[in-house]
Amino acid sequence: MRKFVFILLINYFPHCITYTSSQEIDKLFEQFGNQYGSGDFVNAETTLSFIINYKDQIRDDQTIAAYINLGAVNQMLGKYEVAISNYNVVEPLVKIESLELAGIYNNKGIIFNIQKSYDLSIEHLEKSIRIYQKLSHENVKFFDKLSSAYLNIGISHYETGNFDMALKYFYLSEEIKVKHKYPGLFLVYLNIGKTFAKSGDPIKAEKNYLKSISRVINQYGGGYYRLAEVYFDYGLFLRSAGRNDQSLEILNNALSICIKNYGDKHTLVSMSYKLIGDHYKIQSDYKKALGYYQKALMAVVNDFNDPDVFSNPSIDSTLFDIRLLDNLKSKAQILELIANQDNSLVAKLKYLGSSLQTMELALELIDRIRDNYPSEASKIYLAENEKESYIFATHLAYTYSGLTNQKATGERMYNIATRAKAAILRNEITGKELLLTAGIPDSLLEMQKNLTSDIAAYNLLISKENGVPDPDESKLQLWKDALFNMSREREKITGEINKAYPLYNDLLHKTDPVSLSEIQKKLGKDETMIDYLVSNQYIDGKRLLYIFLITRDGLGFVEKGLDSSFFRNAGIIRNFNNREGDHKLKIEKYTSALYNMYENLIKPGESFFKGKNLIIIPDEEIAWLPFDAFIKSRPAAGQTDYEGLSYLIYDYTFSYGYTSSLVFNNKTGAENTKKVYSFSPDYGLKGDQGNILDPLRGAGREIESIYKLFRGQKFTGGYATEKQFAESCSNPAIFHLAMHALTDSTDSRYSYFMFDRGADSIDDGRLYNYEISLNRINSPMVVMSACNSGSGTLYQGEGLMSLARGFILAGASSVIKTAWDVNDEVSATIISDFYYYLSKGMQKDEALRKAKLDYLKVSPPSQANPYYWAAYELMGDDSPVTGNNRNIFLSAGSCAILVIGFLIFYFRRRRIFSARSL
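The model shown is predicted, which means the values in this text are computed figures rather than measured ones. The written sequence of each chain sets the order in which its residues are numbered from 1. The predicted origin of the model limits local features to residues at a pLDDT of at least 70 and limits the giving and counting of side-chain atom pairs to 80 or more, whereas totals for whole chains, interfaces and linings rest on all residues. Where side-chain values are given, they derive from all heavy atoms of the structure, hydrogens and water being excluded.

**Considering the overall build of the chain**
So, step 1. Only DSSP runs of H or I reaching four residues or more are called helices, and only runs of E reaching two or more are called strands; each is numbered from the N terminus. Within the chain one finds 35 helices and 18 strands.
So, step 2. By the convention used here, residues are in contact when the closest approach between their heavy atoms is within 4.5 Å. Taking contacts inside the chain between residues at least 6 apart in sequence as the whole, the part at least 24 apart equals 71%.
So, step 3. To be clear on the numbers: accessible area is Shrake-Rupley with a 1.4 Å probe, and residue cover counts the displayed protein chains and nothing else. A total accessible area of about 38,600 Å² is found for the chain, and carbon and sulfur atoms account for 51% of it.

Here you go:
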């Protein structure tokens, strides 16, 4: 459960600025100050609107004060998007780094925190703090504002689980407030208490909670509006300690305070009802909990007042998306619990159906929240934290399907599951396509692209500097300021595009996964798509696995639990490195793990397969696994090598995809080509970042074999530069990269290919993943004959963020990638044979399989180890890259036979007709 984020707004009251305006405006500002101080936010908003309506009669500084205060009021009312727009209006008017500008960034940081966009929150709050630190310390308001900024950035770090950093900032805030006797110390104690509670020190946690409550009541009284916020977290703390009666009493007090101060419609009123509902859920009083959850929905949606627990609001008039989402999920869960209690099939179906409908509404809301997030980091955070929502909805559909045996429910279940995977990648690819077709000026697109690249580059500089023992703070401050300004400029350009081209924005937000029927139409009669969905939470010692089996004319599905042994075996396979020192125990563990994968991932659905071509859509740790190396039967006892093992490559052809939507829908129009652009640097003794890069001795043989079969252009040695690649990638051709790839395990945006640097005076020779994804590559296939080109950071719900993904995002129809370090000589053999079969018109996946099988036929038993041959995998479209010559000759021969037959028939008829005429 997400706990409430406590904020301290930086508010601007009339006494902050000396006014020489009319007496009426002075009175309005004074009236606003009284209203805000008493918590009368509705009338405070009205008063500020009166001030703003004076327009030409008030000065710029008064306009600034009015809009900043209006933003603060809308924050307190829970109208966060309106508040952001208020700050965006006034931000350009504040032309210097001042207390006002720092306050704007501080308040925007608070909102981004509430919206779970933590990267933007920290970015704005750090900027706010840097501005405060540049200002004169003689200003009486300086330390008050700085202490509040410290508090708010501490909250952001708390929300991301960085508790040590959170406490550091909370103590800085406390120190200033105690020294200068500033108000708001109760919020510092509250957040210190939350942090200790989360990090496992309940004694210190309760001590700080009670200090917070005592300060609020002593200073403001028991009805103060912010006391409710303190009660929320203290109530949750009491519940976690098993003190349920005390918890309920505290939460009911919070509800009374909220209704008194905010009325019936407010996000905090909604939270009060939701937390009380949680109490009754824990007590197993499910129907009472359901009633409170329905009240929570009514409180957070303006035009929804229906107490019927089987009704749901529209998501279009909510006060706050995040609060509505939490309420919908809680309601769906309690409806399922009630359904499980009821023995009547009719009642069970009614509650279960309502639960599923409620979750589908929640998933629709998740999609909207994700679309509205401006940064990839925020979207990834949402994908990871909401993965279980999709799992739960899939579970509901699976259960409902089992009770009704309706085909439509199975399709409904699969449509839910597909929305859980690679949604960010899908939207990014769609967005790039729409940008190219929406008529947006090239200059605007180029500015957006350049800013995105510069932002990534500055993030890399900051990351590297933070990694050294004694980072240069002056450099960091300079880079962070530049980064902040570039990010705001990119947001401005994106806003201009959305405003000027509303059709682009509308289409982007309506991007849905490809339907099941569309997938089935594109599958061949001998193809089966296997789509996996894995929970990332253990329930009763197991994580749920759903296997969807899709053929041209059918859909099958399997639900099963995976215990810790499955993931332990997955780790053995991922980390296995058996180039040297083979021994019996090592082989036994490895082959046992490969068999375990077959038992869990293939065998449960094998009877449903149509044909031998399998398209794998992995999820979670499954993304690391080489399916063609799984074995169908346990090795014989005492097996000491890899000879005679029943690898799946002997039975099936495998290809892979990030999501079913992209397997068939990422074609470039350049699929029929025999043109290859190859890049193969000759590293020699030239290193990278202090490391010596070994020359790839097999690359030369690999490249030469390609051009015996394909035409094109090869760039070797000093000609294999990053610049040359950038100039070539718009050509409709296959791209072959025989070079070193270096993986950044912490942030895959900074994984890169190492081109030659000797002749390149501008670029550093490193083609970063973020640079790849910004390009447009018109290619049916990119072959990454490099180590670890398919590895990267694994994100729940989004998959592997690897170099392979970068090329798919750039527009390549398919990618040949490596899952681990590859042997140079073996690589040359397999890749050469792959291109041979490719030139014969074979599908990419079958050509790769044949190349691997050829290797296995001639390799000694010690080198039948999957380490040598299983690393190469096809990701994406498996269509041939060139026409099948044999088929062409057969077609031509058939046509010739038909023509000859027709001529013989024609002349015979003519002779017969002539004879009759005589």
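Don't stop here, the text continues.
**Quick word on the packing of aromatic side chains**
So, step 1. Centres within 6.5 Å make a pair out of two Phe, Tyr or Trp rings, where for Trp the six-membered ring is used; the pair is then stacked when the planes are under 30 degrees apart, edge-to-face when over 60, and tilted otherwise. Inspection of every chain in the model, using the stated rule, returns 48 aromatic pairs.
So, step 2. Centre to centre, the rings of tyrosine 677 and phenylalanine 715 are 6.3 Å apart; their planes meet at 15°, and the pair counts as stacked. Here the residue tyrosine 677 occupies a position in strand 6 (residues 675–680), and phenylalanine 715 occupies one in strand 9 (residues 711–716), the gap between them amounting to 38 residues. Each of the two residues, tyrosine 677 as well as phenylalanine 715, counts as buried.
So, step 3. Among the aromatic residues, ring-to-ring pairing joins Phe32, Tyr36, Phe41, Phe186, Tyr220, Tyr224, Tyr225 and Tyr262 into one connected group.
So, step 4. Above the ring of phenylalanine 710, the side-chain terminus of lysine 674 is found at 5.4 Å from the ring centroid. Working definition: with a 1.4 Å probe on protein chains only, accessible area under 20% of the residue-type maximum means buried, over 50% means exposed, and in between means partly exposed. Throughout this description, the term charge over a ring refers to an Arg CZ or Lys NZ atom that lies within 6 Å of the ring centre and within 35 degrees of the ring normal.

**Re the side chain of serine 389**
So, step 1. With respect to the helices and strands, serine 389 occurs in helix 18 (residues 387–404).
So, step 2. Those residues in contact with serine 389 that sit more than four places away from it in its chain are Lys329, Met359, Leu363 and Ile366.

**Side note on the confidence of the model for the chain**
So, step 1. What pLDDT reports is the predictor's confidence in each residue, on a scale of 0 through 100. Residues with a pLDDT of 70 or more make up 86% of the chain, whose mean pLDDT is 84.
So, step 2. The low-confidence segment residues 885–892, where pLDDT is below 50, has two contacts with residues more than four positions distant or belonging to other chains.
So, step 3. Across residues 910–918 the pLDDT falls below 50, and counting only partners more than four positions away or on other chains, this stretch makes zero contacts in the model.

**Observations concerning the pairing of strand 17 (residues 814–818)**
So, step 1. Counted residue by residue, strand 17 has five buried out of five residues, so it is predominantly covered.
So, step 2. The alternating pattern of strand 17 places Ser814, Ile816 and Thr818 on one face and Val815 and Lys817 on the opposite face, and all of these are buried.
So, step 3. Note on pairing: DSSP must find at least two bridges between two strands before they are called paired. As defined by bridge partners, strand 17 adjoins strand 18 (residues 872–876) across five bridges and the pair is classed as antiparallel. Of the residues in strand 18, the one forming a bridge with valine 815 is methionine 875.

**Overview of the sheet that holds strand 12 (residues 752–754)**
So, step 1. Strand order in the open sheet formed by three strands is 11-12-13, and the pairing between neighbours is antiparallel. Each of the sheet's edge strands pairs with one partner strand only, and the pair in question is strand 11 (741–742) and strand 13 (766–768).
So, step 2. In terms of strand pairing, strand 12 meets strand 13 through three bridges, oriented antiparallel. Counterpart to tyrosine 752 in the pairing with strand 13 is tyrosine 768.

**Focus on the packing of helix 1 (residues 23–37) against helix 3 (residues 60–76)**
So, step 1. Only the contacting stretch of a helix is used when fitting its axis, a line to C-alpha atoms as for every element, and angles between N-to-C directions run 0 to 180 degrees. In the contact formed by helix 1 and helix 3, the axes pass within 12 Å of each other and the chain directions differ by 20°. Here helix 3 runs roughly parallel to helix 1, going by the angle between their axes. The interaxial crossing formed by helix 1 with helix 3 has left-handed handedness. For the pair helix 1 and helix 3, the contacting residues are Phe29, Phe32 and Tyr36 in the first and Gln62, Ala65, Ala66, Asn69, Ala72, Val73 and Met76 in the second.
So, step 2. Basically, the charged four are Asp, Glu, Lys and Arg, the nonpolar ten are Ala, Val, Leu, Ile, Met, Phe, Trp, Tyr, Cys and Pro, and anything else, Gly included, counts as polar. The class makeup of the residues in the contact of helix 1 with helix 3 is eight nonpolar, two polar and no charged. The scheme is simple: roughly parallel for angles under 35 degrees, roughly antiparallel for over 145, roughly perpendicular for 65 to 115, oblique for anything else. Handedness of a crossing follows from how the near helix is turned relative to the far one, being left-handed for an anticlockwise turn of less than a right angle and right-handed for a clockwise one.

**Brief notes about the side chain of aspartate 628**
So, step 1. The topology assignment puts aspartate 628 in the loop between strand 4 (613–617) and strand 5 (653–656).
So, step 2. A relative accessible area of 6% means that aspartate 628 is categorised as buried.
So, step 3. For this analysis, a polar contact is any N or O atom pair within 3.5 Å, provided that within protein one partner can donate a hydrogen and the other can accept it, and provided that sequence-adjacent residues contribute only side-chain to side-chain pairs. Within the structure, aspartate 628 has its side chain in polar contact with the side chain of lysine 852 (distance 2.7 Å).
So, step 4. In this structure aspartate 628 touches Tyr647, Leu648, Ile649, Phe654, Tyr656, Lys852, Trp869 and Ala870, once residues within four positions along its chain are discounted.

**Focus: helix 6 (residues 118–134)**
So, step 1. Counted at 1.5 Å a residue, the expected span for helix 6 with its 17 residues is 24 Å, and the 24 Å between its end C-alpha atoms agrees.
So, step 2. For helix 6, the tally of buried residues reaches 13 of 17 residues, placing the bulk of the element in the interior. One fewer than the residue count of a helix, multiplied by 1.5 Å, yields its expected span.

**Regarding the packing of helix 8 (residues 163–180) against helix 9 (residues 185–199)**
So, step 1. Packing of helix 8 against helix 9 leaves a shortest axis separation of 10 Å and a crossing angle of 155°. As summarised for this structure, helix 8 and helix 9 are arranged roughly antiparallel, according to the angle between their axes. Where helix 8 crosses over helix 9, the handedness of that crossing is left-handed. Facing helix 8, whose interface residues are Phe163, Leu167, Phe170, Tyr171, Ser173, Glu174, Lys177 and Val178, helix 9 presents Leu185, Val188, Tyr189, Asn191, Ile192, Thr195, Phe196, Lys198 and Ser199.
So, step 2. A per-class count over the contact of helix 8 with helix 9 returns 10 nonpolar, four polar and three charged.

**Things to note about helix 7 (residues 142–159)**
One full turn of an α-helix is made of 3.6 residues, so residues set three or four places apart face in the same direction.
So, step 1. An ideal rise of 1.5 Å per residue puts 26 Å on 18 residues; helix 7 measures up with 26 Å between its terminal C-alpha atoms.
So, step 2. For helix 7, the buried fraction is high: 17 of the 18 residues fall into the buried class.
So, step 3. One or two steps after helix 7, the chain reaches glycine 161, where phi turns positive at roughly 85°.

**Observations concerning the pattern of salt bridges**
It is possible for side chains of opposite charge to pair when their charged atoms get near one another.
So, step 1. Any Lys or Arg side-chain nitrogen found within 4 Å of a carboxyl oxygen on Asp or Glu counts as a salt bridge. By the definition in use, this model includes 33 salt bridges.
So, step 2. A salt bridge links aspartate 367 to arginine 370; the nearest nitrogen and oxygen atoms lie 2.8 Å apart. On the criterion of helical spacing, the pair formed by aspartate 367 and arginine 370 is a turn pair, its members being three residues apart in helix 16 (residues 345–372). For the pair formed by aspartate 367 and arginine 370, the shared burial category is buried.
So, step 3. Between glutamate 825 and arginine 701 there is a salt bridge, with its nearest N and O atoms 3.3 Å apart. Placement of glutamate 825 in helix 32 (residues 824–839) and of arginine 701 in helix 28 (residues 697–706) is noted, with a sequence separation of 124 residues between them.
So, step 4. Here glutamate 825 falls in the partly exposed class, since its relative accessible area comes to 39%.
So, step 5. Classification of arginine 701 as partly exposed rests on a relative accessible area of 42%.
So, step 6. Members of the salt-bridge network, linked through shared partners, are Glu97, Lys127, Arg130, Lys134 and Asp481.

**Quick notes on the pairing of strand 3 (residues 554–562)**
So, step 1. Relative to strand 3, strand 2 (residues 543–551) runs antiparallel, the two being bridged by nine bridges. Directly across from threonine 551, in strand 3, lies its bridge partner glycine 554.
So, step 2. Between strand 2 and strand 3, which follow one another and run antiparallel, lie two residues.

**Quick look at unusual backbone geometry**
So, step 1. The phi dihedral of lysine 116 falls on the positive side, at around 65°, and the residue is not glycine.
So, step 2. For lysine 116, the position within the fold is in the loop between helix 5 (99–114) and helix 6.
So, step 3. Positive phi is not limited to glycine here, since glutamate 620 has a value of about 50°.
So, step 4. Position of glutamate 620 among the secondary structure elements: in the loop between strand 4 and strand 5.

**As for a positive patch on the surface**
So, step 1. A contiguous patch of positive charge on the surface is contributed by Lys204, Lys207, Lys211 and Arg215.
So, step 2. Topologically, lysine 207 is positioned in helix 10 (residues 202–220).
So, step 3. Since its relative accessible area comes to 56%, lysine 207 is described here as exposed. Two distance rules govern patches: like charges are joined within 9 Å, and nonpolar side chains (Val, Leu, Ile, Met, Phe, Trp, Tyr) within 5 Å, applied only to residues with over 30% relative accessible area and no salt bridge. Charge assignment: positive for Lys and Arg, negative for Asp and Glu; neither His nor the chain ends contribute. Where a charge lies is defined by one atom per residue type, namely NZ (Lys), CZ (Arg), CG (Asp) and CD (Glu).

**Let's talk about the environment of tyrosine 80**
So, step 1. Relative to the assigned elements, tyrosine 80 resides in helix 4 (residues 80–90).
So, step 2. When the C-alpha positions of tyrosine 80 and phenylalanine 320 are compared, they lie 7.5 Å apart, and in sequence the two are 240 residues distant.
So, step 3. Once you skip the residues sitting within four places of it in the chain, tyrosine 80 turns out to touch Asn74, Gln75, Ile111, Ile114, Gln115, Thr267 and Phe320.

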